[in-house]
Amino acid sequence: MEATVGVGGGASTTTNILHHQHTRQQQLSHVSQLGAVQQLLAGGVAGAFSKTCTAPLARLTILFQIQGMHTDVASLGKISVWREALRVVQEEGFRAFWKGNLVTIVHRLPYSSVNFYSYEQYKSILKSSPWLCGVEGDPYSKILMHFVCGGLSGMTAATASYPLDLVRTRLAAQRTTMYYQGIRHALHSICRDEGLAGLYKGLGPTLLGVGPSIAISFSVYETLRAHWRSLRPDDSTAMVSLSCGSISGIASSTATFPIDLVRRRLQLQGVAGQARVYNSGIFATFRLIIHAEGLRGLYRGIIPEYCKVVPGVGIAFMTYETLKKLLSSDEPFS
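All figures in this text were calculated on a predicted structure; none of them were measured in a lab.

## Let's talk about the side chain of Arg225
Phase 1 of the analysis: Looking at the element boundaries, Arg225 is found in helix α9 (residues 203-231).
Phase 2 of the analysis: Among the polar contacts listed, one links the side chain of Arg225 to the side chain of Glu222, at a separation of 3.0 Å.

Next comes the structure, spelled out in structure tokens:
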């Protein structure tokens, strides 16, 4: 349940994995500690591999999102993914599509670990609460618990690993001028220039987007899956999960993309001593963007975001399943 609103794009890859874990938990009454480690490892590797494969589209999304911050909107031409991709290759080289991807991979381990661990802890706390006693068999209570625990664990993981997410954005946003030379240099420079609080710029909209992202993704996924199963009960689990996960990812991305755009722009405030563009709160920033760029300005970069949802979910899901098959001989491959 990734809070890279992700949860850029973001939220669809990890959310789809957690959907699959939720389905597995309905089928398996007991999960051993070894099984938990396997799920964590498989989920982390699958997420990292998926993000590496879709990194070019993710970087294009970021480059489009930050257009208009330091550039006159009137001078911006019509958005063209192909034209921007050619510019990246010509000015920065083909490898530039993976700027910041190493941070993304490094980010996966603490994020997945905290997300997985805190989800189980929140679930244990809620199960022991008086208002959930005696309703373990109620399917609606299980859905509510999954949603609440997913939201809380997503917020916890996002906060714990946020500095890496901010560094990733700043590295990916660099073009020909390289102010940050790597992860360590970026962390040191940000703390030196902006203080420790600089590592948490944009955390507000990130946390704000976690709840809606999970709610939309989970509700769309569960509704589509239930309807699909009622019409075609014999279809494979993999095909159903991949299709429903992709659609839920697109729905979630569409609804939460403006929040993600604001997050990216706030993350880039003050880079290399540049003047702050937005000196107000989250909602005032929304108003400033709409006033300067129109409603369309909140959706700069949505096209490459859409393009990476389906392959991102597919790669993550199939990698996750393959790794679980290799790591455990007890669970069938479906």
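## Comments concerning the environment of Phe64
Phase 1 of the analysis: Checked against the element boundaries, Phe64 lands in helix α3 (residues 55-65).
Phase 2 of the analysis: For Phe64, a relative accessible area of 3% translates into the label buried.
Phase 3 of the analysis: Linking Phe64 and Ile303, residues 239 residues apart in sequence, is a C-alpha distance of 9.7 Å.
Phase 4 of the analysis: With residues up to four places along the chain from it excluded, the contact list for Phe64 reads Ile79, Ser80, Val81, Glu84, Arg300, Gly301 and Pro304.

## What to know about the nonpolar core
Phase 1 of the analysis: Counting residues in each nonpolar core, the largest one holds 26 residues, and the members touching the most others are Val167, Tyr180, Ile190, Leu268 and Ile289.
Phase 2 of the analysis: Those elements that place two or more of their residues in this core are α7 (162-173), α8 (183-194), α10 (237-267) and α11 (282-293).
Phase 3 of the analysis: A per-element tally of this core places α7 first, with 6 residues.
Phase 4 of the analysis: In this structure, Leu60, Leu63, Ala85 and Val88 belong to the second largest nonpolar core, which totals 6 residues.

## Looking at α11
Phase 1 of the analysis: Here α11 spans 16 Å end to end across 12 residues, near enough to the 16 Å set by a 1.5 Å rise per residue.
Phase 2 of the analysis: Within α11, burial applies to Ala284, Thr285, Phe286, Ile289 and Glu293.
Phase 3 of the analysis: Those residues of α11 that are buried lie in contact with α10.

## Points about the confidence of the model for the protein chain
Phase 1 of the analysis: Residues of the protein chain with pLDDT of at least 70 account for 81%, and the chain-wide mean is 81.
Phase 2 of the analysis: Taken together, the stretch residues 1-14 has pLDDT below 50 and engages in 59 contacts with residues farther than four places along the chain or on a different chain.
Phase 3 of the analysis: With pLDDT under 50 throughout, residues 26-34 is counted as low confidence; its partners more than four residues away or in other chains account for 4 contacts.

## A closer look at the environment of Thr256
Phase 1 of the analysis: Mapped onto the secondary structure, Thr256 falls in helix α10.
Phase 2 of the analysis: Placed 45 residues apart in sequence, Thr256 and Gly211 show a C-alpha to C-alpha distance of 9.9 Å.
Phase 3 of the analysis: Within the structure, Thr256 has its side chain in polar contact with the backbone oxygen of Ser252 (distance 2.7 Å).

## Details of the packing of helix α5 (residues 101-127) against α7
Phase 1 of the analysis: Following both chains from N to C, one finds α5 and α7 inclined at 170°, their axes separated by 9 Å at the closest point. By the angle between their axes, α5 is roughly antiparallel relative to α7. For the pair formed by α5 and α7, the contact residues are Val103, Thr104, Val106, His107 and Pro110 on the first element and Leu164, Asp165, Val167, Arg168 and Leu171 on the second.
Phase 2 of the analysis: When the residues that make up the contact of α5 with α7 are grouped by side-chain class, the tally is 6 nonpolar, 2 polar and 2 charged.

## Concerning the pattern of salt bridges
Phase 1 of the analysis: Under the counting rule described, the total for this entry stands at 18 salt bridges.
Phase 2 of the analysis: Notably, a salt bridge pairs Arg87 with Glu84, separated by 3.1 Å at the nearest N-O pair. Pair noted here: Arg87 and Glu84 are both in helix α4 (residues 81-92), with a separation of 3 residues, about one helical turn. No difference in accessibility class separates Arg87 from Glu84, as the two residues are buried.
Phase 3 of the analysis: With a shortest N-O distance of 3.6 Å, Arg175 and Glu84 are connected by a salt bridge. Note that Arg175 is positioned in the loop between α7 and α8 and Glu84 in helix α4, a separation of 91 residues in sequence.

## Quick look at the packing of α3 against α10
Describing two packed helices takes the angle between their axes plus the distance from one axis to the other.
Phase 1 of the analysis: Two elements in contact, α3 and α10, have axes separated by 9 Å at closest approach and are oriented at 75°. Looking at the two axes, α3 sits roughly perpendicular to α10. Here Thr61, Ile62 and Gln65 of α3 lie close against α10, whose contacting residues are Phe257, Asp260, Leu261, Arg264 and Arg265.

So, how was this worked out
- Residues numbered from 1 in each chain as written.
- Predicted model: local features only at pLDDT ≥ 70, side-chain atom pairs only at ≥ 80, totals over all residues.
- Heavy atoms only, no water.
- Helix = DSSP H or I, 4+ residues; strand = E, 2+ residues; numbered from the N terminus.
- Polar contact = N/O pair within 3.5 Å; in protein donor to acceptor, adjacent residues only side chain to side chain.
- Buried < 20%, exposed > 50% of the residue type's maximum accessible area, 1.4 Å probe, protein only.
- Contact = heavy atoms within 4.5 Å.
- Core = buried A, V, L, I, M, F, W, Y, C linked by side-chain atoms within 4.5 Å.
- Expected span 1.5 Å × (residues − 1).
- pLDDT = per-residue confidence, 0-100.
- Axes fitted to C-alpha atoms, helices over the stretch in contact; angles between N-to-C directions.
- Parallel < 35°, antiparallel > 145°, perpendicular 65-115°, else oblique.
- Nonpolar A, V, L, I, M, F, W, Y, C, P; charged D, E, K, R; others polar.
- Salt bridge = Lys/Arg side-chain N within 4 Å of Asp/Glu carboxyl O.

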